[in-house]
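Structure at a glance
So you can see what is in the structure, the chains are spelled out below.
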Amino acid sequence: MTSIAPASPRPADPIIRLEQVSKWYGQFQVLTDISLSVQAGERIVICGPSGSGKSTLIRCINRLETVQQGRIEVDGIDLTAGGRNVDAVRQEVGMVFQQFNLFPHLTILQNCTLAPMRSRGMSAPEAEAVAMKYLTRVRIPDQAHKYPSQLSGGQQQRVAIARALCMTPKVMLFDEPTSALDPEMVKEVLDTMISLADDGMTMLCVTHEMGFARSVADRVIFMADGRIIEQAPPAEFFGQPQHAKTRQFLGQIL
Ligand code: ADP
Ligand code: MG
C-alpha cells in the first residue's frame, strides 16, 4: 500500500539566490565564492570596509556587472544566462545609488515617467499618475516640475527612490544612499527607506548607518576582501560579532 504524504510546508523559493559567485576585474578577484539567499520581504544590510566588494556585489544583482563563476537568480530568472533575462530582471530590481544619478536635463516628473513609458509601455498620463503617487509617497509631489539641480541632496535622493518605485520593483537595492548627503538630510532619506521596509519591500542596503541596520534589518552581512565573512540578525551581529575583522570594523565605525 502506498500512501500519499501530506503536503509539508516548504519554505518559499528565495527571490534572490547567489550560488558560489566569483568575479574578477582582470587579475584581481573582487568577489570570492559568494552564496546568499534572500526571501521576499527580507531586509538585508551589507556593510564592510571600503573596497571589500559591496558595490560590485549588489551591481551583479541587476547585472550592471557580470560574473565569471557561479549562478545568480532573481525571482527565478537566471541572470548568468544573459540575453533577454537581463531586461526582465532590470524591470524587477530597483536601484538607488550614492550619487542619485538623476537625469539633469529632465524634470523630476520626467525622470520618473521615462522608464515606465519606455519599458512598461505606459501612456504619458498613466506614467504621470504613477509618478505622482510615488512622489507623494516620498513627500515631494510639489517638486515635480523642477529640475534635479533645483532640489537639495535629500530631495534628489527621495526622487531617485520614487523613480525606482515607479517600475514597481520586487526588490530594491541601495548602494550607500546617504553617504553623499549633508548630515541634516540623512534622516529624511532613512525615514523613506524605513517606510518602504514597513510596507514589506525586499531590500538590500549597503550602508554604514548602523542605527538603520539595528532597527530595520532582518540580517546584517559583513564583507571583507570580496567574501561574506559573517552574517547575523542585528542584535547578534552587534552584540556578539564572531570574526576579528568584524570586531575591528565595528570598532572603527561605532
Ligand atoms: P566597496 O563598494 O565595498 O567599496 P567595490 O565593489 O566598489 O567595493 O570595489 C571592490 C574592489 O574592486 C576595489 O578594490 C575596487 O578598486 C575594485 N574595482 C571596483 N570596480 C572596478 C573596476 N571597474 N575595474 C577594476 N577594479 C574595480
Ligand atoms: Mg561601494
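This text goes with the structure placed above it.
Quick summary incoming for the structure in this document.

Conventions adopted
Residues numbered from 1 in each chain as written. Chains lettered and ligands numbered in written order. Predicted model: local features only at pLDDT ≥ 70, side-chain atom pairs only at ≥ 80, totals over all residues. Heavy atoms only, no water. Helix = DSSP H or I, 4+ residues; strand = E, 2+ residues; numbered from the N terminus. Buried < 20%, exposed > 50% of the residue type's maximum accessible area, 1.4 Å probe, protein only. Lys, Arg positive; Asp, Glu negative; His and termini not counted. Salt bridge = Lys/Arg side-chain N within 4 Å of Asp/Glu carboxyl O. Polar contact = N/O pair within 3.5 Å; in protein donor to acceptor, adjacent residues only side chain to side chain. Contact = heavy atoms within 4.5 Å. Core = buried A, V, L, I, M, F, W, Y, C linked by side-chain atoms within 4.5 Å. Pairing = 2+ DSSP bridges. Axes fitted to C-alpha atoms, helices over the stretch in contact; angles between N-to-C directions. Expected span 1.5 Å × (residues − 1). Near = heavy atom within 4 Å. Areas by Shrake-Rupley, 256 points an atom, 1.4 Å probe, with all protein chains shown as cover. Nonpolar A, V, L, I, M, F, W, Y, C, P; charged D, E, K, R; others polar.

**Considering the side chain of Glu176**
Along the polypeptide, Glu176 turns up in the loop between strand 7 (171–175) and helix 6 (183–198). Among buried Asp, Glu, Lys and Arg side chains, Glu176 stands out as unpaired, with Lys54 the closest opposite charge at 4.5 Å. Looking at Glu176, its side chain comes within polar contact range of the side chain of Ser179, at 2.7 Å. Discounting chain neighbours no more than four positions away, the residues touching Glu176 are Lys54, Gln98 and Val206.

**Digging into the nonpolar core**
By size, the foremost hydrophobic cluster in this structure holds 51 residues, and its most contacted members are Leu135, Ile161, Met172, Phe174, Met193 and Met203. Sort the elements by how many residues they give to this core and helix 6 lands first, with seven residues. If we ignore the near neighbours within four places in the chain, the residues touching Met203 are Glu42, Arg43, Ile44, Met172, Phe174, Met193, Leu196, Ala197 and Phe212. Counting 30 residues, the second largest nonpolar core, distinct from the first, contains Ile16, Ile44, Ile61 and Met95.

**Points about the sheet that holds strand 1 (residues 16–25)**
The four strands lie next to each other as 2-1-4-5, forming an open sheet whose pairing is antiparallel. The open sheet has two edge strands, strand 2 (28–38) and strand 5 (77–78), and neither has a second partner. Packing against the sheet, helix 1 (residues 54–61) makes contact with strand 1, strand 2 and strand 4 (69–74), and its axis sits at approximately 125° to strand 1.

**Section: the environment of Phe222**
Locating Phe222 in the fold gives a position in strand 9 (residues 219–224). Residue class for Phe222 comes out buried when judged on its relative accessible area of 1%. Dropping the residues within four chain positions of it, Phe222 is found in contact with Cys47, Gly48, Pro49, Arg227, Ile228, Ile229, Glu230, Phe237, Lys245, Thr246 and Phe249.

**Some words on helix 5 (residues 153–165)**
The first and last C-alpha atoms of helix 5 sit 18 Å apart over 13 residues, in line with the 18 Å expected at 1.5 Å per residue. Within helix 5, 13 of the 13 residues are buried, which leaves it mostly tucked inside the rest of the structure.

**Remarks on the site of ligand 1**
With respect to spatial proximity, the complete set of residues near ligand 1 consists of Tyr25, Phe28, Val30, Pro49, Ser50, Gly51, Ser52, Gly53, Lys54, Ser55 and Thr56. Within the contact set of ligand 1, a nitrogen atom lies 3.4 Å away from a side-chain nitrogen or oxygen of Tyr25. For ligand 1, the accessible surface in isolation is 560 Å², of which the surrounding protein chains cover 58%. Among the secondary structure elements, those contributing two or more residues to the shell around ligand 1 are strand 2 and helix 1. The residue inventory of the shell around ligand 1, partitioned by class, reads four nonpolar, six polar and one charged.

**Some points on the pattern of salt bridges**
Across all of its chains, the model carries 14 salt bridges by this definition. Here Glu73 makes a salt bridge to Arg17, at a shortest N to O gap of 3.7 Å. You can see Glu73 sitting in strand 4 and its partner Arg17 sitting in strand 1, a full 56 residues away along the chain. You can call Glu73 buried: its relative accessible area is 14%. Taking the shortest distance from any N to any O, the salt bridge between Arg43 and Asp218 comes out at 3.0 Å. Pair noted here: Arg43 is in strand 3 (residues 43–47) and Asp218 is in the loop between helix 7 (210–216) and strand 9, with a separation of 175 residues, a long-range link. Sharing partners across several salt bridges, the network here consists of Arg17, Glu19, Arg71, Glu73 and Asp78.

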